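An overview of the molecular structure
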Amino acid sequence: MFWKKSEEAKGKTLSPKEIIKEKERIQKEINAALKKSKWDKAAEEYRKWIKYEPKDMRLHLRLGDLLIKINKKDEAIEEYTRVANSYAQDGMLVKAIAV
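Throughout, a residue's number is its position along its own chain's written sequence, starting from 1. Confidence filtering applies because this is a predicted model: local features only for residues at pLDDT of at least 70, side-chain atom pairs given and counted only at 80 or more, and all residues used for totals across whole chains, interfaces and linings. No hydrogens and no water enter the side-chain calculation; it runs on all heavy atoms of the structure.

With that settled, consider helix H1 (residues 16-35). We count a stretch as a helix when DSSP gives it H or I for four or more residues in a row; a strand needs E for two or more, and each element gets its number in order from the N terminus. One fewer than the residue count of a helix, multiplied by 1.5 Å, yields its expected span. With 20 residues, H1 ought to run about 28 Å at 1.5 Å a step, and its terminal C-alpha atoms sit 29 Å apart, in line with that. For H1, the complete set of buried residues consists of Ile19, Glu22, Ile26, Ile30 and Ala33. Seen along its axis, H1 keeps its buried residues to an arc of 80°; they face one direction. In H1, the exposed positions angled more than 90 degrees off the buried face are occupied by Lys17, Lys21, Lys28 and Lys35. In the stretch just after H1, serine 37 is the one whose phi turns positive, near 60°. Each residue's exposure class comes from its accessible area (1.4 Å probe, protein chains only) as a fraction of the maximum for that residue type: buried when under 20%, exposed when over 50%, partly exposed otherwise. Note that the arc is defined by the directions from the helix axis to the C-beta atoms.

Shown next as structure tokens:
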């Protein structure tokens with residue numbers, strides 16, 4: 001199902017309730033990092049969140065934007081390409097072109 005292994009859980013399989021708490025914790029970390037303009041920390045946290053929701057293209061877009069800010073353009077292009085391909089496969093061609 002949606003159960004994933006997390007580095008933070010030290011090998012423990014998380015229940016859906018624990019996953020929700022972990023994502024909330026990650027979101028708080030992201031918000032704190034963004035407020036302090038710590039783009040690299042925010043990108044690191046987005047990567048953790050993406051492990052739980054790999055199909056959420058909004059997360060990939062945000063990660064791509066942060067990667068541009070920390071001058072990791074090749075990695076940003078990978079994220080944007082992933083998003084564009086996903087949108088195109090889902091028939092959302094206008095969104096794919098926009099990315």
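The discussion continues.
Below, the discussion takes up the environment of alanine 76. Considering the arrangement of structural elements, one finds alanine 76 in helix H4 (residues 73-89). Here the alpha-carbon distance between alanine 76 and histidine 60, two residues 16 residues apart in the chain, equals 9.0 Å.

All right, on to unusual backbone geometry then. Positive phi values are uncommon outside glycine, yet serine 37 reaches one of about 60°. Looking at where serine 37 falls in the secondary structure, it is placed in the loop between H1 and helix H2 (39-52). Residue classification places serine 37 among the partly exposed positions, given a relative accessible area of 43%. Even without being glycine, asparagine 71 reaches a positive phi, approximately 65°. What makes asparagine 71 exposed here is its relative accessible area of 54%.

Here, nonpolar core means buried Ala, Val, Leu, Ile, Met, Phe, Trp, Tyr and Cys residues that are tied together by side-chain atoms lying within 4.5 Å of each other. Counting 16 residues, the largest nonpolar core has Tyr46, Trp49 and Leu63 as the members making the most contacts within it. Counting residues per element, the ones that place at least two in this core are H1, H2 and helix H3 (57-69). Of all the elements, H2 adds the most residues to this core, at 6 residues. By the convention used here, residues are in contact when the closest approach between their heavy atoms is within 4.5 Å. Filtering out sequence-adjacent residues up to four positions away, leucine 63 remains in contact with Ala43, Tyr46, Arg47, Ile50 and Glu79.

Mapped onto the fold, isoleucine 20 is located in helix H1. Since its relative accessible area comes to 48%, isoleucine 20 is described here as partly exposed. Sequence spacing of isoleucine 20 and tyrosine 52 is 32 residues, and the spatial spacing of their C-alpha atoms is 9.4 Å.

This part takes up the confidence of the model for the chain. The pLDDT value tells you how sure the predictor is about a given residue, anywhere from 0 up to 100. Mean pLDDT over the chain works out to 90, with 89% of the residues at or above the 70 mark. Taken as a whole, residues 1-9 scores under 50 in pLDDT and shows 26 contacts with residues more than four places along the chain or in a different chain.

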